[in-house]
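Residue strings, one per chain:
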Amino acid sequence: MPNTIPVVENILSANDQIAAQTRARLDRDGVLAINVMASPGGGKTSVILKTIEALHDQVRIGVMDGDIVPLDLEKIAELGIPVSLINTGGNCHLDANMVHGALPSLQLDALDLLIIENVGNLICPAAFKLGTHLNIVIASVPEGDDKPYKYPAMFKGADVLLLNKMDLCEYQDFNVDYFRHGVEVLNPGLAFFPISCRTGEGFDAWLDWLRDRVAQRSSVG
Amino acid sequence: MHELGVTQSLLDIALHHGRQAGAARINELNLVVGELSSIVDDSVQFYWDMLSEGTIAQGARLNFKRVPAELHCHDCAHRFPLNHQEYICPKCGSANLTVSGGEEFFLESIDVDLDET
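Residues numbered from 1 in each chain as written. Chains lettered and ligands numbered in written order. Predicted model: local features only at pLDDT ≥ 70, side-chain atom pairs only at ≥ 80, totals over all residues.

### Considerations on the overall build of chain A
Note the cut-off: Counting from the N terminus, the helices are the DSSP runs of H or I reaching at least four residues and the strands are the DSSP runs of E reaching at least two. Working definition of burial: number of other C-beta atoms within 10 Å of the residue's own, with buried at 20 or more, exposed at 12 or fewer, and partly exposed in between, all C-beta atoms being placed from the backbone. Remark: residues whose backbone-derived C-beta atoms lie within 7 Å of one another are considered to be in contact.
Broken down by element type, chain A carries eight helices and eight strands. Seen through its principal axes, chain A has C-alpha atoms that stretch 70 × 45 × 35 Å. Burial status across chain A gives 45% buried among its 221 residues. Sequence-distant contacts, at least 24 apart, represent 76% of the contacts inside chain A between residues at least 6 apart.

### Points about the interface of chain A and chain B
Keep this limit in mind: By the convention adopted, Pro, Cys, Tyr, Trp, Phe, Met, Ile, Leu, Val and Ala count as nonpolar, Lys, Arg, Asp and Glu as charged, and the other residues, Gly among them, as polar. We call two strands paired when DSSP finds no fewer than two bridges between them.
Across the boundary between the two partners, chain A contributes 28 residues, which contact 35 residues of chain B. Broken down by secondary-structure element, the contributors of at least two residues to the side of chain A that touches chain B are strand 1 (2-10), helix 5 (147-150), helix 6 (152-156) and helix 7 (176-186) of chain A. For the side of chain A that touches chain B, the element with the most residues is strand 1 of chain A, which contributes nine residues. Grouping the amino acids of the side of chain A that touches chain B by side-chain chemistry returns 19 nonpolar, six polar and three charged. Across seven bridges, strand 1 of chain A lies against strand 6 (residues 105-113) of chain B in antiparallel orientation. Note on strand 6 of chain B: the bridge partner recorded for asparagine 3 of chain A is valine 112 of chain B.

### So, the sheet that holds strand 5 (residues 97-100) of chain B
All names here are of chain B. To be explicit about the condition: Axis definition: a line fit to C-alpha positions, over the contact stretch in the case of helices; interaxial angles, taken between N-to-C directions, run 0 to 180 degrees.
The strand order 4-3-5 describes an open sheet built from three strands, whose pairing is antiparallel. Each end of this open sheet is capped by a strand with a single partner; those strands are strand 4 (79-81) and strand 5. Put simply, the sheet's adjacent strands are angled 30° from each other on average, direction ignored. By the bridge criterion, three bridges tie strand 3 (residues 70-73) to strand 4 in an arrangement that is antiparallel. Of the residues in strand 4, the one forming a bridge with leucine 71 is phenylalanine 80.

### Comments concerning the packing of helix 1 (residues 3-20) of chain B against helix 2 (residues 41-51) of chain B
Residue and element names in this part refer to chain B. To keep it simple, the criterion reads: By definition in this entry, angles of less than 35 degrees are roughly parallel, angles greater than 145 are roughly antiparallel, angles of 65 to 115 are roughly perpendicular, and the rest are oblique. Here is the rule for handedness: rotate from the far helix to the near one, and if that takes an anticlockwise turn smaller than a right angle the crossing is left-handed, while a clockwise turn gives right-handed.
Contact pair helix 1 / helix 2: the axes reach a minimum separation of 9 Å and the direction vectors enclose 60°. By the angle between their axes, helix 1 is oblique relative to helix 2. Viewed along their axes, helix 1 and helix 2 form a crossing whose handedness is right-handed. Facing Glu3, Leu4, Val6, Thr7, Gln8 and Leu11 of helix 1, the residues of helix 2 in contact are Ser43, Val44, Tyr47, Trp48 and Leu51. Of the residues contributing to the contact of helix 1 with helix 2, the split by class is seven nonpolar, three polar and one charged.

### Section: the confidence of the model for chain B
All names here are of chain B. What counts here: A residue's pLDDT is the predictor's confidence in that residue, given on a scale from 0 to 100.
Residues at a pLDDT of 70 or more form 97% of chain B, whose mean pLDDT is 92. When pLDDT is averaged over each helix and strand of chain B, the minimum, 92, is found for helix 2 and the maximum, 97, for strand 6. Model confidence for the complex: the whole-complex pTM is 0.92, and ipTM, which rates the interface, is 0.86.

### Some points on helix 2 (residues 44-55) of chain A
Formally: By this rule the span expected of a helix is its residue count minus one, scaled by 1.5 Å.
With twelve residues, helix 2 of chain A should cover 16 Å at 1.5 Å per step; its first-to-last C-alpha distance of 16 Å lies within 8% of that length. Turning to helix 2 of chain A, its buried residues are Lys44, Thr45, Ser46, Val47, Ile48 and Thr51 of chain A.

### Things to note about the sheet that holds strand 6 of chain B
Here we have four strands laid out as an open sheet, ordered 1(A)-6(B)-1(B)-2(B), and mixed in their pairing. Bordering the open sheet on either side are strand 1 of chain A together with strand 2 (61-67) of chain B, each of which pairs with just one other strand. Neighbouring strand axes in the sheet, compared pairwise and without regard to direction, differ in orientation by 20° on average.

### Some thoughts on helix 1 of chain B
Let me state the cut-off plainly: In this description, the arc belongs to the directions extending from the helix axis to the C-beta atoms.
Relative to the 26 Å expected for 18 residues at 1.5 Å per residue, helix 1 of chain B spans 25 Å between its end C-alpha atoms, a close match to the ideal helical length. Taken as a whole, helix 1 of chain B has its buried residues at Val6, Thr7, Leu10, Ile13, Ala14, His17 and Gly18 of chain B. Angularly, the buried residues of helix 1 of chain B cover 130° about the axis, an arc narrow enough to put them on a single face. Residues His16, Arg19 and Gln20 of chain B are exposed on helix 1 of chain B and point more than 90 degrees away from its buried face. Contact partners of the buried residues in helix 1 of chain B: strand 1 of chain A together with strand 1 (25-34), helix 2 and strand 6 of chain B. Just downstream of helix 1 of chain B lies glycine 22 of chain B, where phi reads positive at about 75°.

### Points about unusual backbone geometry
With phi around 45°, valine 8 of chain A is a residue other than glycine that occupies positive phi space. Tracing the chain through its elements places valine 8 of chain A in strand 1. Within the chain, alanine 77 of chain B stands out as a residue other than glycine whose phi angle is a positive 65°. Its location among the elements puts alanine 77 of chain B in the loop between strand 3 and strand 4.

Spelled out as structure tokens, the structure:
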């Protein structure tokens, strides 16, 4: 006898449950965790390095990196920051299980800020919650101004957007208004910081924003 | 690209609900997939055929109900599909838009046989 059984269950519910466990653990230890996403070459590692250099006297920072080689992580470890490599084996994104499994490799109660560098990709990472508090999306000028139109899910899910490599604007036909309009439709009022890791342009505003978030977290935790 | 893991989750959910209902066979899965979910139907079906082998869901058909992402114009209330090129209202030319829908990704129901006959 054929029957239809209603289910209505999110297909990524198993991932979301693990993400919720990670979030509870982070909250218990009073750590603000951020999920840094961008295309390959968009400037994830550069932004992370520059952010650490500016903040590590005031904020206790740890870094997890989803990658296939520890190259980026070695640069970060040289700053004296605790790091953990999540070897993604070529996977297209980090998922909640990978991050949860890597939590014991860092002493969380000794951190204020956990930076998780996701796999370079504007599609897949948008779909998988990690348990982090904030999604940081980095776009960059050489990628073109059409990215919010081509990868709407990534920009829709962002909590803050950095537009990196602003120093290259004069060499590129990058229409900042067109870019920002796409973002505004997808994610009204999204915090937006045009920056350049090379020149340092715009970095102070981003650091102030992040410092505020860490301070809010610490006062709660 | 990540359809293998997603398909395994889908199978786990379908089997769980099938067993709970006392199903002898799962014949069809009815999925709701938003346009903004990065999932390729053919790829899920491909992995499904491999992963479901030997389970009560072996050979089940996957029905994908695709949900478009829509733009909503705040000036003239026109609704139209996201076109991935420009976000401008085709009716009144307004740029005062917001997006809704398209992020759905769930198993809505399963069609099962409750006994072997």
